[in-house]
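Letter by letter, the chains look like this.
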Amino acid sequence: QVQLVESGGGLVQAGGSLNLSCAASGIIFSIYAMAWYRQAPGKQRELVAAITSGGTTNYADSVKGRFTISRDNTKNTVYLKMNTLNPEDTAVYSCNARRTVLATTRSDYWGQGTQVTVSS
């Protein structure tokens, strides 16, 4: 019943921009922390950006100042605005929803991911 569906990936030239969206269903969206992860070929998955249920954001150093994460609780959707893209941003980007209780993860859901390719 729980579904996270990403959209907005594609091919873009270096220096360009892309906007990703992740629509959630089957969860009480407003109480979940949301995040974007990415995984490039041959590399480990890394946290790109996160936003808590209260709106606090956190970014990887590599994207700080270029990417912006936001959420719209009325639409059960989290967004990732990506500017000034470079080839190092090429990866599969996945949406994550996580709920914790007393610092313990109780629920953890993932979307299937969307491919972002940046050409030089």
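Before any of the text, the structure's been laid out above.
Residues numbered from 1 in each chain as written. Predicted model: local features only at pLDDT ≥ 70, side-chain atom pairs only at ≥ 80, totals over all residues. Heavy atoms only, no water.

Caption draft 1: Main features of the overall build of the chain. Tallying secondary structure elements over the chain gives 0 helices and 11 strands in all. What you see in the chain, going N to C, is helices and strands ordered as β-β-β-β-β-β-β-β-β-β-β. Here the chain has a C-alpha radius of gyration of 14 Å; the compact-globule value for 120 residues is 14 Å, and the two agree. Along the longest, intermediate and shortest principal axes, the C-alpha atoms of the chain span 45 × 25 × 25 Å. Looking at the chain residue by residue over its 120 residues, the buried ones come to 38%. The contacts of the chain with a sequence gap of at least 6 include a subset with a gap of at least 24, amounting to 54%. With the model as given, the accessible surface of the chain reaches about 6,700 Å², and the carbon-plus-sulfur share is 47%. Each charge class in the chain was averaged separately, 11 positive and 7 negative side chains, and the resulting centres sit 6 Å apart. (Helix = DSSP H or I, 4+ residues; strand = E, 2+ residues; numbered from the N terminus. Rg over C-alpha atoms; globule rule 2.2 N^0.38 Å. Buried < 20%, exposed > 50% of the residue type's maximum accessible area, 1.4 Å probe, protein only. Contact = heavy atoms within 4.5 Å. Areas by Shrake-Rupley, 256 points an atom, 1.4 Å probe, with all protein chains shown as cover. Lys, Arg positive; Asp, Glu negative; His and termini not counted. Charge placed at Lys NZ, Arg CZ, Asp CG, Glu CD.)

Caption draft 2: Geometry of unusual backbone geometry. Positioned with a positive phi, Asn-76 is a non-glycine residue whose angle comes to about 50 degrees. With respect to the helices, strands and loops of the structure, Asn-76 is situated in the loop between strand E7 (67–72) and strand E8 (77–82). Positive phi outside glycine occurs at Thr-84, with the angle close to 50 degrees. Looking at where Thr-84 falls in the secondary structure, it is placed in the loop between E8 and strand E9 (91–101).

Caption draft 3: Quick peek at the pairing of strand E5 (residues 46–51). Where strand E4 (residues 33–39) meets E5, 5 bridges bridge the pair, whose relative direction is antiparallel. Across the sheet, residue Arg-38 finds its bridge partner in E5, namely Glu-46. Counted along the chain from E4 to the antiparallel partner E5, the turn is 6 residues long, and its residue Gly-42 has a positive phi close to 80 degrees. Bridge analysis of E5 against strand E6 (residues 57–59) gives 3 bridges, and the strand direction is antiparallel. Paired with Ala-49 across the bridge in E6 is Tyr-59. Counting the residues between successive antiparallel strands, the hairpin from E5 to E6 contains 5 residues, one of them, Gly-55, with a positive phi of roughly 100 degrees. (Pairing = 2+ DSSP bridges.)

Caption draft 4: Focus on the side chain of Glu-6. Structurally, Glu-6 is set in strand E1 (residues 3–7). Side-chain polar atoms of Glu-6 contact the backbone nitrogen of Cys-95, separated by 2.8 Å. Among the polar contacts made by the side chain of Glu-6, one reaches the main-chain amide nitrogen of Gly-113 at a distance of 3.0 Å. Among all residues touching Glu-6, those that are not within four sequence positions of it are Ser-21, Cys-22, Trp-36, Tyr-93, Ser-94, Cys-95, Gly-111, Gln-112, Gly-113 and Thr-114. (Polar contact = N/O pair within 3.5 Å; in protein donor to acceptor, adjacent residues only side chain to side chain.)

Caption draft 5: Layout of the side chain of Asp-89. Assignment of secondary structure puts Asp-89 in the loop between E8 and E9. Setting aside anything within four residues of it in sequence, one finds Asp-89 in contact with Arg-38, Val-63, Arg-66, Phe-67, Thr-84, Val-116 and Val-118.

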